Amino acid sequence: MADIIYRYNHQVYFNITNKCPCRCTFCIRNNADAVGEADTLWFEKEPSLEEILNAVRAFDFSGCQEVVFCGYGEPTMELEKMLAVCSYLREHYPFRIRLNTNGLSDLIHGRSTAEEICQAVDSISISLNMPDAKSYTEVVRPAYGEKSFDAMLQFAKDCRKYLEDVRFSVVDIIGQENVEKCRKLSESIGVPLRVRVYSD
């Protein structure tokens, strides 16, 4: 079994699925089988809810103040499992819960998902990646085509209705010009932007 929970850069991450509707050109999973203290993040078989909860019970969370749903897949692909795990964490642990997402949950599930997600987590980081639909589609290569960009923006707007700590993220390898365009777009929507340093 691949690592369901792992530490990376002093944080604890939850890897609950390998499924993702995107094939980002810079995705870290293109470069290695794992990151941080994980041995491998690739599942031979997707983990069940009980396997995820067993991993939670067995993990040493010493010093942990926040857990992050972010592994070698898009967490909202397994939305029901993610929400169930969040509920369990709320009952048994004091730390904050963050979701790192591509923001395409509404397209994945064919309905608005922001409210239920925001009720389950404390913060959300949405991968903006590029400042317009055309360049976004070229870099992210989403299964849903160019409509993914507007869907991602709408998801961010919806999340801001229910949760204060919502932000966009971009990776610095997209270039300074695109970063600044992303910053202006983020400001126009009212969602803060975090620029991440790319690490391969």
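A quick note: this is a predicted structure, and the numbers were derived from the prediction, not measured.

Draft legend 1. Representation of helix α1 (residues 49–58) in the model. Residues of α1 that are buried: I52, L53 and V56. Seen along its axis, α1 keeps its buried residues to an arc of 95°; they face one direction.

Draft legend 2. Inspection of helix α6 (residues 147–162) at higher detail. The terminal C-alpha atoms of α6 lie 23 Å apart, and with 16 residues this matches the ideal 22 Å at 1.5 Å per residue to within 8%. Within α6 the residues assigned to the buried category are S148, F149, A151, M152, L153, F155, A156, D158 and C159.

Draft legend 3. Looking closely at the sheet that holds strand β5 (residues 123–127). With respect to topology, 7 strands assemble into an open sheet ordered β1-β2-β3-β4-β5-β6-β7, the strand pairing being mixed. Whereas interior strands pair on both sides, the edge strands pair on one side only; in this sheet they are β1 (5–8) and β7 (193–196). Within this sheet the neighbouring strands show an average axis-to-axis angle of 30°, counted without direction. Across 3 bridges, strand β2 (residues 11–14) lies against strand β3 (residues 66–69) in parallel orientation.

Draft legend 4. Quick peek at the packing of α1 against helix α2 (residues 79–92). Relative orientation of the contacting elements α1 and α2 amounts to 30°, with a least axis distance of 10 Å. With respect to α2, the element α1 is oriented roughly parallel. Remark: the crossing between α1 and α2 carries right-handed chirality. Packed against α1, whose contacting residues are L49, I52, L53, V56 and R57, the element α2 presents K81, A84, V85, Y88 and L89 at the interface.

Rules used in this analysis
Sequence positions are assigned chain by chain, starting from 1 and proceeding in written order. Local features in a predicted model are, by the rule used here, given only for residues with pLDDT of at least 70; side-chain atom pairs are given and counted only at 80 or more, and totals for whole chains, interfaces and linings are based on all residues. Processing note: side-chain calculations cover all non-hydrogen atoms of the structure and skip hydrogens and water entirely. With a 1.4 Å probe rolled over the protein chains alone, any residue whose accessible area is under 20% of its type maximum counts as buried; one over 50% counts as exposed, and the rest are partly exposed. Secondary structure elements are taken from DSSP: a helix is a run of H or I of four residues or more, a strand is a run of E of two residues or more, and numbering for both begins at the N terminus. Directions from the helix axis toward the C-beta atoms define the arc. Multiplying one less than the number of residues by 1.5 Å gives the expected span of a helix. By definition, two strands form a pair when at least two bridges between them are found by DSSP. Each axis is a line fitted through C-alpha atoms, taken for helices only over the stretch in contact, and angles between the N-to-C directions span 0 to 180 degrees. Our angle categories are set so that under 35 degrees counts as roughly parallel, over 145 as roughly antiparallel, 65 to 115 as roughly perpendicular, and the remainder as oblique. Take the far helix as the reference: if the near one is turned anticlockwise from it by less than a right angle, the crossing is left-handed, and if turned clockwise, right-handed. Whether two residues are in contact is decided by their heavy atoms: any pair within 4.5 Å suffices.

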